[in-house]
Amino acid sequence: MANIGRRGFVKGATLGALAITVGGAEIIISAGEARARGVPFRLLDAHQGETLEALGETLVPQAREAGIAHFIDQQLSVPPQEALLQARIFNFRPPFAEFYRAAIAAVDAGSRKIFGRDFAQLSAADQRDFVDRMRQNKIEGWTGRPGATVYAVLRADAVDVVYGTMEGYEALGIPYMPHIPPEKRW
Amino acid sequence: MANEKVDIVIVGAGASGSVYASVLARAGKRVVLLESGPDWELSDLISSEIWGRRIKPAGAPILLEGKNPMTYAAQGGWGVGGAALHYFANFPRLLPTDFRIKSEHNRTHDWPISYQDVAPFYDKVAREIGVSGDAKAEERWRPAGEAYPMPPMKTFRNGDIWLKGFDAVGIPMVSAPVGMNSIEFNGRPACLYDGWCHVGCPIGALANPQITYLGEARKAGAEVRALSTVTRVLTNQAGTRVTGVEYYDARQQKQLQEASVVLLAAWSAQNPRLLLNSATDKHPKGLSNASGLVGHYMMSHHVASTWAMFDEDVQNHMGTIAVQYMSYQHYPKTSHDGAFGSSFITAGFALKTTDLANSRPDLFGPELADYMKRAARNLAGIKAFGEEQPNMENRVELTSEKDEFGMPLGKLIHTYDQDAVALWNANLEEGLKVARAAGAKEAWSARGSIPTSHLMGGTIMGTSVADSVVDSFGQSHEIPNLWVAGPSIFPTAGASNPTFTIFALSRRGAEHMASQWATLTN
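The numbering scheme is per chain: residues are counted from 1 as the chain's sequence reads. Working convention: letters from A go to chains and numbers from 1 go to ligands, in the order in which they are written. Reporting in this predicted model follows two pLDDT cut-offs: at least 70 for local features of residues, and 80 or more for side-chain atom pairs to be given and counted; totals over whole chains, interfaces and linings ignore these cut-offs and use all residues.

### Some words on the overall build of chain B
Moving on, step 1. Strands here are runs of E lasting at least two residues and helices are runs of H or I lasting at least four, both read from the DSSP assignment and numbered beginning at the N terminus. The secondary structure content of chain B amounts to 13 helices and 17 strands.
Moving on, step 2. With the C-alpha coordinates aligned to their principal axes, the bounding extent of chain B is approximately 70 × 50 × 50 Å.
Moving on, step 3. For the exposure call, what matters is how many other C-beta atoms sit within 10 Å of a residue's own: 20 or more marks it buried, 12 or fewer exposed, and in between partly exposed, using C-beta atoms placed from the backbone. Within chain B, buried positions represent 59% of all 522 residues.
Moving on, step 4. For chain B, the share of sequence-separated contacts (at least 6 apart) that also reach a separation of at least 24 residues comes to 73%. Residues are defined as contacting one another if the C-beta atoms placed from their backbone atoms lie within 7 Å.

Now the structure itself:
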């Protein structure tokens, strides 16, 4: 791989998405492994990470264990032209972190208004109820991008970490059949 | 910093730019291609939906407005090869009726050329880069031409299972033409049918620019400068000729590239953005914009998707992202009562897990997990691409916001008219009939917002400055050494996937440019 200058763009597949710094050394591990090792977030604070995990798990079971918060956090920390987030496909303007911070704030504000607590503190049933309302833009006083958009983006992120990996294909019994397999089976 | 003058500078190293580069470099011209994204190689094309996003747009965004914003990012390109690095390589052609909508239906405008002007170039492109299909079978709907150089691709149960349903509603389906290798072709291997086409085919079975025209161009001496973002086309003081372009290189240094000819091949939204941003006192509305039409008549295809669950395993992981079957049966513009426009009907394509999840966007939680297990075996889809008529109000314009190089961002405003909405609904209703007749256990339409696919228009071709920006070859009506290529010169959209036509029109334009070279450089 070659750092070719502009905006620090790095073309290779081994740097970028899931390079995690552990003990001062940069190693390639999956987002799920990063979560299991307790790797600190780069940009998210603990509450934001907890909320993304709760949202991800509500949207796609096993997203928490698959490391959705670490995946998003790591992707937000690389230059936007290297980011692999669905936000890119949704034509969001970088920095993508602004979307996630605003979405988490809107979700918590809505959750407190309806249930009196932050989203991550709700029961699984209430989390599901909230997400269903958010999906249909049925949360009063919602601010920022529509709830349906937040639903679509976070659901896509959760689908990525649970079903977009080689392990995800295996879990569904779908042959992956890569020409060039991704690093760390991504 | 000024660079040595070249014969032609091409802005954009995608499908159209690569054709021009090949033809002109092989004609002995000194060619430089400036590409805003990275210089991807086949070895960069990782088989992953997640990693595949690296080759999707990442430069200055186009701001989206209107009732039906053009969601272009999934289809756009970033880097050498452009969108054709990850295109699906469906190669249907336009039909004669597409060139004569004004004459036949008194709507919008005719092309300044006929199908017969383009047909030889469809055949030439097919011979050069390889197309698999059954031309004879297509000729029930179109004039005869050459046979494709390769037999049709393999089909799979996810395509075959629909044939009974189409037959029941009176729609004959034939093998779809694709820019992929059903057999080894020109030293490139046959397809493996693993469905990773949309993130880039690294084995060379799919005809992307890197292994076809751009590869030829490089061999003939064309130079590709990646991470080079063009911000202006420059003119002489009199405004009668272009003299080159201004661009920012990989180190964000401003560069000047003089050239005898400038070709804009930067995609339908960027070509008008560049022309508008190149305004001078002699061209106050932008270059080649005396008509006021630069940026106007932006068009898209609306896609009517029908999904169905079948009782059997349809092997939906097998095949290509390109379709297995196609039909022009409803291509005549008035095929559906109460709607207007062509429809191009397709069936049979490989699915990835993202596709499975997106086929039921309303599901989440345990219901989604259950659905994914069933969809992995039993889900298949069909799609009808529908024509949108050109509308002046659908346009690209500059905004007051600037990109990192100080260039105004483009804003793309797009709303479907009633013809498009009616046609999309008609195609969805028909899709359900097909699914039921095919024996689907469950079937549903992909409703919600109307999809936009295949951005076209913005610098349309025509007969004069009164009705268009360029002529049928892509040459500016106003500045003879300024040319434009790609889908932005389409004056109407048809319903066929556009890249085969992009290649054919570019081949035609490039040959004409080469033959007229002396007149361009004097």
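So, next bit.
### Here we look at the overall build of chain A
Moving on, step 1. Counting its secondary structure elements, chain A contains 8 helices and 2 strands.
Moving on, step 2. Scanning chain A from its N terminus toward the C terminus, one meets helices and strands in the order β-β-α-α-α-α-α-α-α-α.
Moving on, step 3. For chain A, buried positions account for 44% of its 186 residues.
Moving on, step 4. Sequence-distant contacts, at least 24 apart, represent 57% of the contacts inside chain A between residues at least 6 apart.

### Concerning the nonpolar core
Moving on, step 1. We define a nonpolar core as a collection of buried residues of the types Ala, Val, Leu, Ile, Met, Phe, Trp, Tyr and Cys that are connected via C-beta atoms lying within 7 Å of each other. Counting 208 residues, the largest nonpolar core has Val11(B), Ala21(B) and Leu263(B) as the members making the most contacts within it.
Moving on, step 2. Per element, the largest residue contribution to this core is 10 residues, and it comes from helix 7 (residues 147-163) of chain A.
Moving on, step 3. Here Leu263(B) is in contact with Ile8(B), Ile10(B), Val11(B), Gly17(B), Tyr20(B), Trp483(B) and Ala485(B), once residues within four sequence places are set aside.

### Side note on the environment of Asp118(A)
Residue and element names in this part refer to chain A.
Moving on, step 1. Considering the arrangement of structural elements, one finds aspartate 118 in the loop between helix 5 (97-115) and helix 6 (124-135).
Moving on, step 2. Taking the C-alpha atoms as reference, aspartate 118 lies 9.7 Å from histidine 47; in sequence the two are 71 residues apart.
Moving on, step 3. In this structure aspartate 118 touches Asp108, Ser111 and Arg112, once residues within four positions along its chain are discounted.

### What to know about unusual backbone geometry
Moving on, step 1. Residue Pro95(A) is bonded to the preceding Pro94(A) through a cis peptide linkage, with omega at 0°.
Moving on, step 2. Structurally, Pro95(A) can be placed in the loop between helix 4 (86-89) and helix 5.
Moving on, step 3. Phi angles above zero are rare outside glycine, and Tyr297(B) is one such case at about 60°.
Moving on, step 4. For Tyr297(B), the position within the fold is in the loop between helix 8 (270-277) and strand 9 (299-309).

### Considering the interface of chain A and chain B
Many analyses report the size of an interface as the accessible area lost when the parts associate.
Moving on, step 1. Tallying the contact residues gives 38 residues for chain A and 40 residues for chain B.
Moving on, step 2. Counting only elements with at least two residues in the side of chain A that touches chain B, the list comes to helix 2 (46-59), helix 4, helix 6, helix 7 and helix 8 (166-172) of chain A.
Moving on, step 3. Element by element, the count of residues in the side of chain A that touches chain B is highest for helix 7 of chain A, at 5 residues.
Moving on, step 4. Residues are grouped as follows: nonpolar covers Ala, Val, Leu, Ile, Met, Phe, Trp, Tyr, Cys and Pro; charged covers Asp, Glu, Lys and Arg; every other residue, Gly included, is treated as polar. Its residues assigned to classes, the side of chain A that touches chain B comprises 23 nonpolar, 8 polar and 7 charged.

### A word on the confidence of the model for chain A
Moving on, step 1. pLDDT expresses, on a scale from 0 to 100, how confident the predictor is about each individual residue. Looking at chain A, the pLDDT average stands at 87 and 87% of residues meet or exceed 70.
Moving on, step 2. A low-confidence stretch, residues 1-17 of chain A stays under pLDDT 50, and its non-local contacts, those more than four residues away or across chains, total 43 contacts.

### What about the sheet that holds strand 13 (residues 395-402) of chain B?
Residue and element names in this part refer to chain B.
Moving on, step 1. Strand pairing requires that DSSP identify at least two bridges connecting the strands. Read from one edge to the other, the open sheet built from 3 strands follows the order 3-14-13, with strand pairing classed as mixed. Since the sheet does not close on itself, it has two edges, and those belong to strand 3 (63-65) and strand 13, each with one partner. Neighbour-to-neighbour, the strand axes of the sheet open up by a mean angle of 30°, direction not taken into account.
Moving on, step 2. The pairing of strand 13 with strand 14 (residues 408-413) spans 5 bridges and is antiparallel. Here an axis means a line fitted to C-alpha atoms, over the contact stretch when the element is a helix, while the angle between two N-to-C directions is reported on a 0 to 180 degree scale.

### Some details on the pairing of strand 7 (residues 242-248) of chain B
Residue and element names in this part refer to chain B.
Moving on, step 1. Of all 7 residues in strand 7, 5 are buried; the element is thus mostly enclosed.
Moving on, step 2. Judged from the 6 bridges that link them, strand 6 (residues 229-235) and strand 7 form a sheet pairing that is antiparallel. Note that in strand 7 the partner of arginine 232 across the bridge is glutamate 246.
Moving on, step 3. In this antiparallel pair of consecutive strands, strand 6 and strand 7, the connection spans 6 residues, and glycine 239 shows a positive phi of 75°.
Moving on, step 4. Strand direction decides the pairing type here: strand 7 and strand 8 (residues 254-264), joined by 5 bridges, are antiparallel.

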